[in-house]
2 protein chains.
Amino acid sequence: MSKIKETSTHYENKKNLGSECTEIYAANLIGGQWTLAICCHLANGKLRFGELRKRIPNITERMLTLQLRKMEQNKLVKRTVYAQVPPRVEYELTESALQLNPILKQLEEWGKKHRKTMD
Amino acid sequence: MSKIKETSTHYENKKNLGSECTEIYAANLIGGQWTLAICCHLANGKLRFGELRKRIPNITERMLTLQLRKMEQNKLVKRTVYAQVPPRVEYELTESALQLNPILKQLEEWGKKHRKTMD
DNA sequence: CTGTATCCTATTTGATACTG
DNA sequence: CAGTATCAAATAGGATACAG
């Protein structure tokens, strides 16, 4: 999740597609490899960093951090830091992200049906 | 869109996420950079290769071909070749892809609202 | 017209070690 | 506990030329 170079054609294309077409913009928000996995696990309430890490198989600390930061920027998660030793940080979905849930449910339904047509 | 190496951890992770969680599987299907753009333009009926290329700004022939092939594999588009000279190839959305449309509409609605919260 | 082939750059993800 | 830093691998995307 390195910083995207703002002069590349690739960057331009992605930006243009997203700004012209809102469903593309939305798909880009949830399209990260771990984004929806994190959403699933936060759907039932807030979790700490370490809890998320344990629940999501194979994710590295690095990727978890990067995804959470990106989702925070995109206003999909809220991050709360408690001034303690040892540190305690909790993550939860924003109001906006919660409104995504019914849509994801439908996507899941569609995916189940579609999968059957794939054999 | 190079061939994915089936021994990499990256590949394993992606596969596992997609097979456990159907909404992730579905999101992966529509997550390509040009996938939804192509869907939009095919939503109102079949189009030829060249028509698609003209309507989608900045896409190269290479990327259009790659995306269409991927979508064909994923059973999102149907490809019809007419045995003529010069060649004529038409693309159209499959039944299954058409059922995705209402969901994309909702995603679009959500995106519009969400965008406002981003300032 | 509808693609392929080749080469190259950009971006994402992973492994590992380390810090406050 | 909750991250960062660094380096390397893998994947995606783009430019251009060319073929059936």
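Residues numbered from 1 in each chain as written. Chains lettered and ligands numbered in written order. Predicted model: local features only at pLDDT ≥ 70, side-chain atom pairs only at ≥ 80, totals over all residues. Heavy atoms only, no water.

Chemist: Whenever I open this one, the interface of chain B and chain A confuses me. Can you help?
Modeler: Reports of interface size often rely on the accessible area that becomes lost once the parts have come together. Listed as interface residues are 40 residues of chain B and, on the opposing side, 40 residues of chain A. Overall, the association of chain B and chain A removes approximately 4200 Å² of surface from exposure, summing both partners, and the carbon and sulfur fraction of that is 64%. Per-residue buried area on chain B facing chain A is highest for Glu23(B), Trp110(B) and Arg115(B); these three make up 17% of the total on that side. Joining chain B to chain A, the criterion identifies zero salt bridges. Across the chain B-chain A interface, the total number found is nine residue pairs in polar contact (both at pLDDT 80 or more). Counting only elements with at least two residues in the side of chain B that touches chain A, the list comes to helix H1 (9-20), helix H2 (22-30), helix H3 (35-42) and helix H7 (101-116) of chain B. (Contact = heavy atoms within 4.5 Å. Buried area = accessible area lost by both parts, 1.4 Å probe. Salt bridge = Lys/Arg side-chain N within 4 Å of Asp/Glu carboxyl O. Polar contact = N/O pair within 3.5 Å; in protein donor to acceptor, adjacent residues only side chain to side chain. Helix = DSSP H or I, 4+ residues; strand = E, 2+ residues; numbered from the N terminus.)

Chemist: What am I meant to see in the protein's contact with DNA strand D here?
Modeler: By nearness alone, 30 residues border DNA strand D, and Asn13(A), Gly50(A), Glu61(A), Arg79(A) and Tyr91(A) come closest of all. What you see for DNA strand D is that sugar and phosphate hold 70% of its atoms within 4 Å of the protein. Between a phosphate oxygen of DNA strand D and a side-chain N or O atom of Arg48(A), the distance comes to 2.9 Å. Contact distances for DNA strand D include 3.0 Å between a phosphate oxygen and a side-chain N or O atom of Ser8(B). Counting only elements with at least two residues in the surface near DNA strand D, the list comes to helix H1 (9-20), helix H4 (49-55), helix H5 (61-73) and strand S3 (88-93) of chain A together with H1 and helix H5 (61-73) of chain B. (Near = heavy atom within 4 Å.)

Chemist: Sorry if this is basic, but what is going on with the packing of aromatic side chains here?
Modeler: Note on aromatic pairs: each is described by the distance of the centres and the angle between the planes. The full count for this structure, using the stated rule, is zero aromatic pairs over all chains. Residue placement shows Arg88(B) over the ring face of Tyr82(B); its charged tip is 5.7 Å from the ring centre. Above the plane of the ring of Tyr25(A) lies Arg115(B), whose end atom (NZ or CZ) is 4.1 Å from the centre. (Phe/Tyr/Trp six-rings, centres within 6.5 Å; stacked < 30°, edge-to-face > 60°. Lys NZ or Arg CZ within 6 Å of the ring centre and 35° of its normal.)

Chemist: Got a minute to help me understand the sheet that holds strand S1 (residues 47-48) of chain B in this structure?
Modeler: One key point about sheets: their strands pair by backbone hydrogen bonds, in either a parallel or an antiparallel sense. All names here are of chain B. Here three strands make up an open sheet; going across it, the order is S1-S3-S2 and the pairing antiparallel. Of all the strands in the sheet, just S1 and strand S2 (77-82) have a single pairing partner and so form its edges. Sheet analysis places S1 next to strand S3 (residues 88-93), joined by two bridges and oriented antiparallel. Of the residues in S3, the one forming a bridge with Arg48 is Glu90. Running at roughly 95° to S3, H3 makes contact with S1, S2 and S3 of the sheet. In the packing of H5 onto the sheet, the strands contacted are S2 and S3, and the crossing angle to S2 comes to about 115°. (Pairing = 2+ DSSP bridges. Axes fitted to C-alpha atoms, helices over the stretch in contact; angles between N-to-C directions.)

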